[in-house]
Amino acid sequence: MGAQVPRTSGWSELRLSSTPKLNISISPSLTALAMLIDAVAGRRRGLPELWRRAIGSRVGPLGHEAVRPLAAPGCSLGPDSLVPHSPIGGDVSVPAQVAALHDLSPDAFLADLERTYRTDAPPVQWRAAAERPARWLHGYASALADVWNTVEPLWKRARPLLDREVERVGVTTVRGGPELLLGALGERIVHVEGGLRFPGSPAGTYELGERTLVLTPMLAGRDALVLGLDDPGAVWIAYPVPGADSLWRKPVAPAVDELSALVGPVRADLLCALDQPMTMSMLATDMKIAPSGLTYHCDRLRAGRLITRERRGREVWIARTNRADELLELFRC
């Protein structure tokens with residue numbers, strides 16, 4: 001199985017060891033892939049409309065044709081050829097990925113499709129590509145190159161965010177408690193006891209075992225998520241780099257609050273406000289948030305085991321967990 005582009009129709013789980021080995025890789029080609037999926041294939045993952053239009057207009061007709069299989073409803077599975085050089089081996093440039101696609105033989109691509117879908121008759125969305133594999137490889141490579149030509153300046157501006165993420169992952173690895181980091185990789189991946197759950201089809205359970213978990217931050221929409229689960233040496237998870245929202249319309253700020261970048265500014269403020277337990281009504285008044293919005297953010301924090309909720313009579317009391325206190329200490333809120 002190759003890359004996965006999750007949907008909400010089903011859930012899969014990656015089972016983790018108690019202390020997974022973490023690594024980080026900076027792979028701009030996964031940013032290009034995530035933007036291609038969002039802007040051209042039409043699977044909206046939070047990319048601002050301005051950038052969706054800009055990218056869509058730069059990709060040529062052959063590129064638009066090549067990404068049609070990625071837009072097929074009900075399927076999140078894709079061949080390894082989508083990412084010919086995985087991020088496991090280190091940082092790989094987009095030109096290197098494009099060159100690898102041009103070098104990939106049509107027969108190798110067909111074998112990849114057969115291996116991915118475990119049949120010599122690929123799914124309907126891939127049949128046109130299977131009939132003309134050389135055309136598909138050329139179109140997909142051209143699409144990635146067109147996306148990169150559009151977003152490379154933005155990627156360069158994102159370097160401070162990426163450097164900060166490398167540091168954050170390193171600090172977490174040294175200090176321990178990787179579950180705090182893994183529980184906040186994005187809106188479409190959830191840390192549960194013993195593993196990570198993510199939407200996708202087909203659903204399944206995967207074991208990390210002794211493999212390394214490679215985190216790959218992307219410059220992408222807030223709901224973007226791309227995974228590689230089958231390499232014998234490592235699993236990789238590509239997720240939106242915290243703070244990416246600051247890039248879409250203005251230059252990177254010289255200082256971004258790291259806790260806000262990790263969990264979002266509203267949830268960061270909520271955690272900081274809970275120095276002592278408070279009721280939902282007290283929190284709503286204190287933070288000037290509508291009850292429905294507060295409930296949503298509390299649901300997400302509770303899913304990450306950062307708060308508890310306890311009903312006492314007519315009131316629901318919210319309190320920080322020890323896990324949240326450790327997180328606040330980590331980022332010196």
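A brief structural summary.

### Concerning unusual backbone geometry
Line of reasoning, step 1. In the Ramachandran plot, K288 falls in the positive-phi region, its phi being about 55° despite a non-glycine side chain.
Line of reasoning, step 2. With a relative accessible area of 74%, K288 lands in the exposed category.
Line of reasoning, step 3. The backbone of R305 sits at a positive phi, close to 60°, despite the residue not being glycine.
Line of reasoning, step 4. Note that R305 resides in the loop between α13 (291-303) and β11 (307-312).

### Examining the nonpolar core
Line of reasoning, step 1. In terms of nonpolar packing, the biggest core is built from 57 residues, with M35, L36, I55, W126, W136, Y140 and L219 touching the most fellow members.
Line of reasoning, step 2. Ranked by residues supplied to this core, first place goes to helix α7 (residues 133-157) with 11 residues.
Line of reasoning, step 3. Ranked by size, the runner-up nonpolar core spans 25 residues in total, among them A184, A268, L301 and L328.

### A short note on the sheet that holds strand β12 (residues 315-320)
Line of reasoning, step 1. Strand order in the open sheet made by the 3 strands is β10-β12-β11, with antiparallel pairing throughout. Two strands in the sheet have a free side with no partner beyond their single neighbour: β10 (278-279) and β11.
Line of reasoning, step 2. The pairing of β10 with β12 spans 2 bridges and is antiparallel. Residue pairing for β12: T279 is matched across the bridge by W317.

### Quick word on the sheet that holds strand β5 (residues 195-199)
Line of reasoning, step 1. An order of β4-β5-β2-β6 is seen for the 4 strands of this open sheet, with the pairing classed as mixed. Strands at the two margins of the open sheet, each flanked by one partner only, are β4 (190-192) and β6 (205-207). Taken over all neighbouring pairs, the strand axes of this sheet differ in orientation by 25° on average, direction set aside.
Line of reasoning, step 2. In terms of strand pairing, strand β2 (residues 11-15) meets β5 through 5 bridges, oriented antiparallel. Each bridged residue has a counterpart across the sheet, and for E13 the counterpart in β5 is R197.

### A look at the packing of aromatic side chains
Line of reasoning, step 1. Under the counting rule described, the total for this entry stands at 5 aromatic pairs.
Line of reasoning, step 2. Between W126 and W136 the ring centres are 5.4 Å apart and the planes differ by 65°, which places this aromatic pair in the edge-to-face class. Highlighted residues: W126 in the loop between α5 (106-117) and α6 (127-131) and W136 in helix α7, separated in sequence by 10 residues. The two residues W126 and W136 agree in class, both being buried.
Line of reasoning, step 3. Through a chain of ring-to-ring contacts, the aromatic side chains of F109, W126, W136 and Y140 assemble into a single cluster.

Conventions and cut-offs
- Residues numbered from 1 in each chain as written.
- Predicted model: local features only at pLDDT ≥ 70, side-chain atom pairs only at ≥ 80, totals over all residues.
- Heavy atoms only, no water.
- Buried < 20%, exposed > 50% of the residue type's maximum accessible area, 1.4 Å probe, protein only.
- Helix = DSSP H or I, 4+ residues; strand = E, 2+ residues; numbered from the N terminus.
- Core = buried A, V, L, I, M, F, W, Y, C linked by side-chain atoms within 4.5 Å.
- Pairing = 2+ DSSP bridges.
- Axes fitted to C-alpha atoms, helices over the stretch in contact; angles between N-to-C directions.
- Phe/Tyr/Trp six-rings, centres within 6.5 Å; stacked < 30°, edge-to-face > 60°.

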